[in-house]
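A structural walkthrough
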Amino acid sequence: VELLLGLIRIMMLAELIGAWPEAIGITLVCLIPKPDGGRRPIGLLPTLIRWWMRIRLDVVQSWQTANDRPYFYAGPRKGAEIASWKQACRAELASVCKHMSYANAMLDMVKAFERVSHQWLINHAAEFAYPMAVLRLSIAAYKLGRTIMVDGICSVIMVANRGITAGSVHATTELRLL
């Protein structure tokens, strides 16, 4: 019980300060092979940060629910395949209706996580009333030192100045914020 209370105190202090303790650790970015070739980066954040993100997930999900839009395709029953099929049906309908026009633009956000500007996140969070204390610690986690692992070999430790760590509990919601 005392250990759990100590961990909770560390998390509460981190939220108050807006930073993680220096000894928190680093993020291990594993490049996992994709079935169609290439590799996908997945970040393994330090355990305490992952626990904190899980604890704060209800806050993030409440914001996401309150800010849902019909054109967002990420979430339950709203994957990329569903979006593609719906657009194909709309295009087919337009092709048989005399007075109906149709245009479509679908973006596949290649490397979207790696290209996110932290300042953009902050600006949009302010605009859309995203919980700033949560975002501040998420960004602090993304700015931790990181090493990239490929086939069991690690790089030197680096620090990223932009990007959201794919694999973070809050990552997809923060990407939606943009």
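Attention here is on the structure that accompanies the text. Fair warning: this is a prediction, and the values are worked out from it, not measured in the lab. (Residues numbered from 1 in each chain as written. Predicted model: local features only at pLDDT ≥ 70, side-chain atom pairs only at ≥ 80, totals over all residues. Heavy atoms only, no water.)

As defined by bridge partners, strand β1 (residues 27-33) adjoins strand β3 (residues 145-150) across four bridges and the pair is classed as parallel. Across the sheet, residue Val29 finds its bridge partner in β3, namely Ile148. Of the pairings in the sheet, the one linking β3 to strand β5 (residues 158-159) comprises two bridges and is antiparallel in character. Its bridge partner being in β5, Gly145 is matched across the sheet by Val159. In terms of strand pairing, β3 meets strand β4 (residues 153-154) through two bridges, oriented antiparallel. Paired with Val150 across the bridge in β4 is Ile153. (Pairing = 2+ DSSP bridges. Helix = DSSP H or I, 4+ residues; strand = E, 2+ residues; numbered from the N terminus.)

Here the focus is the nonpolar core. Residues Trp20, Ile49, Trp52, Met53, Leu121 and Tyr130 are the most contacted members of the largest nonpolar core, which totals 31 residues. The dominant element in this core, judged by the number of residues it contributes, is helix α7 (residues 132-142), at seven residues. When neighbours within four sequence positions are excluded, Met53 is seen to be in contact with Leu45, Ser138, Ala141, Tyr142, Ser168, Val169 and His170. (Core = buried A, V, L, I, M, F, W, Y, C linked by side-chain atoms within 4.5 Å. Buried < 20%, exposed > 50% of the residue type's maximum accessible area, 1.4 Å probe, protein only. Contact = heavy atoms within 4.5 Å.)

Moving on, we come to the packing of helix α6 (residues 118-127) against α7. It is at 11 Å that the axes of α6 and α7 come closest, and there the two elements cross at 170°. One way to sum up the angle between α6 and α7 is to call them roughly antiparallel. Residues His118, Leu121, Ile122, Ala125 and Ala126 of α6 lie in contact with α7, whose contacting residues are Met132, Leu135, Ile139 and Tyr142. The residue inventory of the contact of α6 with α7, partitioned by class, reads eight nonpolar, one polar and no charged. (Axes fitted to C-alpha atoms, helices over the stretch in contact; angles between N-to-C directions. Parallel < 35°, antiparallel > 145°, perpendicular 65-115°, else oblique. Nonpolar A, V, L, I, M, F, W, Y, C, P; charged D, E, K, R; others polar.)

At their nearest, the axes of helix α1 (residues 2-17) and helix α2 (residues 47-55) sit 11 Å apart, and the two run at 75° to each other. Judged by the angle between their axes, α1 and α2 are roughly perpendicular. Mapping the contact onto sequence places Leu7, Ile10, Met11 and Glu15 in α1 and Leu48, Trp51, Trp52 and Ile55 in α2. Taken together, the residues of the contact of α1 with α2 break down into seven nonpolar, no polar and one charged.

Note on placement: Arg56 falls in the loop between α2 and α3 (57-66). For Arg56 and Thr165, which are 109 residues apart along the polypeptide, the C-alpha to C-alpha distance reads 17 Å. Excluding residues that lie within four positions of it along the chain, Arg56 makes contacts with Glu15, Val134 and His170.

Turning our attention to the side chain of His170. Note that His170 resides in the loop between β5 and α8 (171-177). What His170 contacts, discounting residues up to four positions off in sequence, is Trp52, Met53, Arg56, Leu57, Val60, Val134, Ser138 and Tyr142.

What the rule picks out here adds up to zero disulfides. The thiol sulfur of Cys97 is not disulfide-bonded, and the nearest other cysteine sulfur, from Cys89, lies at 13 Å. The cysteine Cys154 is free of any disulfide, with Cys30 supplying the nearest cysteine sulfur at 7.8 Å. (Disulfide = S-S within 2.5 Å.)

Among the residues of α2, those classed as buried are Leu48, Ile49, Trp52 and Met53. Looking straight down α2, one finds that the buried residues subtend no more than 135° of arc, so they occupy a single side. For α2, the elements touching its buried residues are α1, α3 and α7. (Arc of directions from axis to C-beta.)

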